[in-house]
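# Tertiary structure, described
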Amino acid sequence: MVRLFAAAVLAASPAATQPALEAPLPPVRPWHGASERLIANSGDRWITPAEAAAFATTPDYAATRAWLDRLVAASPLLSIETFGRSPQGRDLYYVRAHKGGTTPKPVVLVQAGIHAGEIEGKDAGLMLLRDIGLRGKDRLLDSVDLVFVPIYNADGHERSSPWNRPNQRGPRDMGWRTTAQNLNLNRDYLKADAPETRAMIALIRRLDPVLYLDLHVTDGIDHRYDVTYAFSGWRSYGARSAAIGRLLDTGLRPAMDAALVEAGHTPGYYVSTIDNRAPEKGMSQDVDTPRFSTGYGDTAHIPTLLVETHSLKPYRQRVLGTYVFVEEALRFAGERAAELRSAIAADRAARPVTMTATWKPNPVPLYSVDFLGLAHDSYRSPASGRDELRWLPKPVTFKMPVYGSLPDKVVQLPKAWWVPATLPHVIDLLRLHGVTIEPVAAPVTRTLDMARATNPKLGSASEGHVPLDATIVHETRRETMPAGSVRVPADQPLGLLAAYLLEPESEEGVLAWNMAPGMLQRTEYIEGYAIAPLADRMLASDPALRAAFDAKLKADPAFAADPTARLQWFYARTPYYDERYLLYPIGREVN
Ligand SMILES: [Zn+2]
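Throughout what follows, the structure given in this document is the object of discussion.

Each value, and the rule that gives it
Residues numbered from 1 in each chain as written. Predicted model: local features only at pLDDT ≥ 70, side-chain atom pairs only at ≥ 80, totals over all residues. Heavy atoms only, no water. Salt bridge = Lys/Arg side-chain N within 4 Å of Asp/Glu carboxyl O. Helix = DSSP H or I, 4+ residues; strand = E, 2+ residues; numbered from the N terminus. Buried < 20%, exposed > 50% of the residue type's maximum accessible area, 1.4 Å probe, protein only. Donors = N, O, S within 2.8 Å, 3.2 Å for Na, K, Ca; no water. Tetrahedral: all angles 85-135°; square planar, octahedral: opposite > 155°, others 65-115°. Pairing = 2+ DSSP bridges. Axes fitted to C-alpha atoms, helices over the stretch in contact; angles between N-to-C directions. Parallel < 35°, antiparallel > 145°, perpendicular 65-115°, else oblique. Contact = heavy atoms within 4.5 Å. Nonpolar A, V, L, I, M, F, W, Y, C, P; charged D, E, K, R; others polar. Core = buried A, V, L, I, M, F, W, Y, C linked by side-chain atoms within 4.5 Å. Phe/Tyr/Trp six-rings, centres within 6.5 Å; stacked < 30°, edge-to-face > 60°. Lys NZ or Arg CZ within 6 Å of the ring centre and 35° of its normal.

The next point concerns the pattern of salt bridges. Oppositely charged side chains may form a pair once their charged atoms are brought near each other. Counted under the stated rule, the structure contains 44 salt bridges. Residue arginine 588 pairs with aspartate 449 through a salt bridge whose shortest N-O separation is 2.7 Å. Of this pair, arginine 588 sits in strand β21 (residues 583–589) while aspartate 449 is found in strand β18 (residues 444–458), placing the two residues 139 residues apart along the sequence. As far as burial versus exposure is concerned, arginine 588 and aspartate 449 are alike and both buried. The partner of glutamate 579 in a salt bridge is arginine 477, and the shortest N-O contact between them spans 2.6 Å. Note that glutamate 579 is positioned in the loop between α16 (563–571) and β21 and arginine 477 in strand β19 (residues 468–481), a separation of 102 residues in sequence. One network of salt bridges, in which partners are shared, links Arg452, Glu475, Arg477, Glu479, Glu579 and Arg580.

Below, the discussion takes up the coordination of the zinc ion. His115 (ND1), Glu118 (OE), Glu118 (OE) and His216 (ND1) make up the full set of protein donors to the zinc ion, lying at 2.0 to 2.7 Å. Viewed at the metal, the four donor atoms of the zinc ion are separated by angles of 52 to 148 degrees, and the geometry they form is irregular.

Two faces belong to every sheet, and in a regular strand the side chains alternate between them. Strand β5 (residues 211–218) sits mainly inside the fold: eight of its eight residues count as buried. Alternating positions in β5 separate into two faces, Leu211, Leu213, Leu215 and Val217 on one and Tyr212, Asp214, His216 and Thr218 on the other, with burial throughout. For strand β3 (residues 107–112) and β5, the ladder comprises five bridges, and the chain directions are parallel. If you follow leucine 109 over to β5, its bridge partner there is tyrosine 212. Two strands pair when backbone bridges link them, and β5 and strand β9 (residues 304–310) are joined in this way by seven bridges, in the parallel orientation. Residue pairing for β9: aspartate 214 is matched across the bridge by leucine 306.

It is the contact of helix α6 (residues 195–207) with helix α11 (residues 424–433), at a shortest axis distance of 9 Å, that shows an interaxial angle of 40 degrees. The orientation of α6 relative to α11 falls into the category oblique. Contact residues: α6 offers Arg198, Ile201 and Arg205, while α11 offers Leu429, Leu432 and His433. Across the contact of α6 with α11, the residue classes tally to three nonpolar, one polar and two charged.

The biggest cluster of nonpolar side chains holds 142 residues, and the ones touching the most others in it are Leu109, Leu213, Val419, Val488 and Leu502. When near neighbours in sequence (up to four residues on either side) are disregarded, leucine 213 contacts Val108, Leu109, Val110, Gln111, Leu305, Phe325, Val326 and Ala329. In this structure, Leu534, Leu545, Trp569 and Tyr571 belong to the second largest nonpolar core, which totals 13 residues.

What follows is about the sheet that holds strand β8 (residues 283–284). Read across the sheet, three strands follow the order β8-β13-β12 without closing on themselves; strand pairing throughout is mixed. Each edge of the sheet is formed by a strand with only one pairing partner; in this case those strands are β8 and β12 (367–380). With 13 bridges joining them, β12 and strand β13 (residues 387–403) adopt antiparallel strand pairing. Pairing of valine 369 across the sheet is with methionine 400, part of β13.

Cis geometry is adopted by the peptide bond preceding proline 171, which originates at glycine 170 and carries an omega value of 0 degrees. Structurally, proline 171 can be placed in the loop between α5 (154–158) and α6. If you check the backbone angles, asparagine 455 has positive phi at about 50 degrees while not being a glycine. Given a relative accessible area of 52%, asparagine 455 falls into the exposed group. Despite not being glycine, asparagine 514 shows a phi value in the positive range, around 60 degrees. With respect to the helices and strands, the residue asparagine 514 is situated in the loop between α12 (495–502) and α13 (528–541). Assessed through its relative accessible area of 13%, asparagine 514 is described here as buried.

Once that is clear, we can look at the environment of glutamate 507. As for its placement among the helices and strands, glutamate 507 is situated in the loop between α12 and α13. Each C-alpha atom, one on glutamate 507 and one on glutamate 339, is 33 Å from the other, the two residues being 168 residues apart in sequence. Residues in contact with glutamate 507, not counting those within four places in the same chain, are Arg291, Ala357, Thr358 and Ala512.

The subject of this paragraph is the packing of aromatic side chains. As enumerated under the stated definition, the model contains 17 aromatic pairs in all. When the centroid spacing of 5.1 Å and the interplanar angle of 50 degrees are considered together, the rings of phenylalanine 231 and tryptophan 234 count as tilted. Judged on exposure class, the residue phenylalanine 231 and its partner tryptophan 234 are both buried. With a centroid separation of 5.2 Å and 80 degrees between ring planes, the pair formed by tyrosine 571 and tyrosine 577 is classed as edge-to-face. Among the aromatic side chains, those forming a connected cluster through ring pairs are Tyr229, Phe231, Trp234, Tyr269 and Phe325. For the cation-ring pair, arginine 159 lies above tryptophan 176, with the distance from its terminal atom to the ring centre recorded as 3.7 Å. In this arrangement the basic side chain of arginine 573 is found over the ring face of tryptophan 569, its NZ or CZ atom lying 3.8 Å from the centre.

All right, on to the environment of glutamate 463 then. One can find glutamate 463 in the loop between β18 and β19. For the pair formed by glutamate 463 and aspartate 188, sequence separation is 275 residues and the distance between their alpha carbons is 7.7 Å. Discounting chain neighbours no more than four positions away, the residues touching glutamate 463 are Leu183, Asn184, Arg187, Lys191, Asp193 and Trp513.

For the rest of this paragraph, the subject is the sheet that holds β5. Either a parallel or an antiparallel arrangement is found when strands of a sheet pair, and the pairing is made through backbone hydrogen bonds. The strand order β1-β2-β4-β3-β5-β9-β6-β7 describes an open sheet built from eight strands, whose pairing is mixed. The sheet is open, and its two borders are formed by β1 (78–85) and β7 (267–269), each paired with just one other strand. Across the sheet, the mean angle from the axis of one strand to that of its neighbour is 25 degrees, orientation sign disregarded. Looking at chain direction, strand β6 (residues 227–230) and β9 are connected through four bridges and run antiparallel. Directly across from threonine 228, in β9, lies its bridge partner glutamate 308. Its contacts with the sheet place helix α4 (residues 120–133) against β1, β2 (91–97), β3, β4 (145–149), β5 and β9, and it is angled at close to 145 degrees to β4. Across the sheet, α6 is in contact with β1, β2, β3, β4 and β5; its angle to β1 comes to roughly 135 degrees.

Rendered as structure tokens:
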């Protein structure tokens, strides 16, 4: 059955008839570990589809749901619930594992398949839910509930093919990175364009998890780590949620590393090298912005872990490593739920007064690690015409510098922002994220700090937007905010999240994503028969203006030779000109 399905897929792809087109991967390294004992025996009635296929394949959306429905029906600890719908009409659902009465417990939220080709989280979760629901691991539920989303990017999961991830060792057919709307859900947390993101944010708000896991696979370079992970605050660096970062770093990290090592895995920090062709140069530990799960969690004060198994390790090994990770996270959260809660509360009580809008590379490493690498050599590629890197199965350990960033542009937060009723989609977004807003029932006129986007330049299409780059110039204005506008106080737990969305300098916000594109268009104009005599009169009556005009003519020959540009120059200096042109409509209350 499985073989027939694969043959059909292969036949459908013209490239598939040419095995020479399969990307050759670096040599596989043999692996054995205690976590292999987690695999159900063949013939076990509760064997998962991936186990039954010896981890050569992963079940599709329907087969996954059918297996889970059967499991949930068999275990009183498990229930299944829909929390949204994909653009192609698939239910987004989770399995909740809960024990003992109706009192809600702190939740550990685990999502698999945000990038649907990176899918071992799903197969690991099926095994773990079985072992919790039917095989005695229900002690994990003594103090916490597990809420498990097996296939977050459901539409991407069904765009399945053997050709989707050339750098990944199995499963044979894997899903697609982005959604049916070609949105990357792990760039969408703050702007929340995708219905999937909106459903997930609403779920996060409803559950308010004490721990949130986002399960992935990463490629990049070859090395010996099989389970890498990251969170804000790793080795005391980069956390906006300082108390959460400290607890994850001093509490979770050593426990997690020990559990993974004991199960035969090799944990490490998420490997993101500065130069994949020269890995020894170093790797980076970024401060994630809130478009990412980790950056969002850090900004919204939700303890969030990014898990990235290594794509060159076999699927079986990756599933098992992910299982161990999720189980240990659940155990940790159960034992330390009270500490997690107080760290969350402490970070939600903090009131940052600045937002780092942009970062720049720090030339000095944060620290270095004894990196468990693999040797490489090079060969001449006739195709590229240069020396290409080739990975070898020989272990090498070397000092790997880890680089962070330095704040570049830092913005002082205002007392509040004012979002006019004319931007209902922005107000909706604030509501979605749970930001406290104060709607006004009648028009309000007040002095605000406003931003004008000078030299606006549209960028290349990115994440469903045509982003806007501009030089921001601030001005003080009397503004009237119509009824239905909202005041967004900075003094609230999600003040920093609001800042990322609303500050004109934010790289993640309404202006940068060009979510208020009306500001870029000038719609009124003046005819030549009106502006030319008016300009002549202005020149004759205003010596300062005349001097400025003469200087402009001297400095800019193209301008001097362009009658329309010359008249425009005067138009911009008349009261007829659109004074709201390029004005960012969200105001800042600074006093
Ligand atoms: Zn990913």
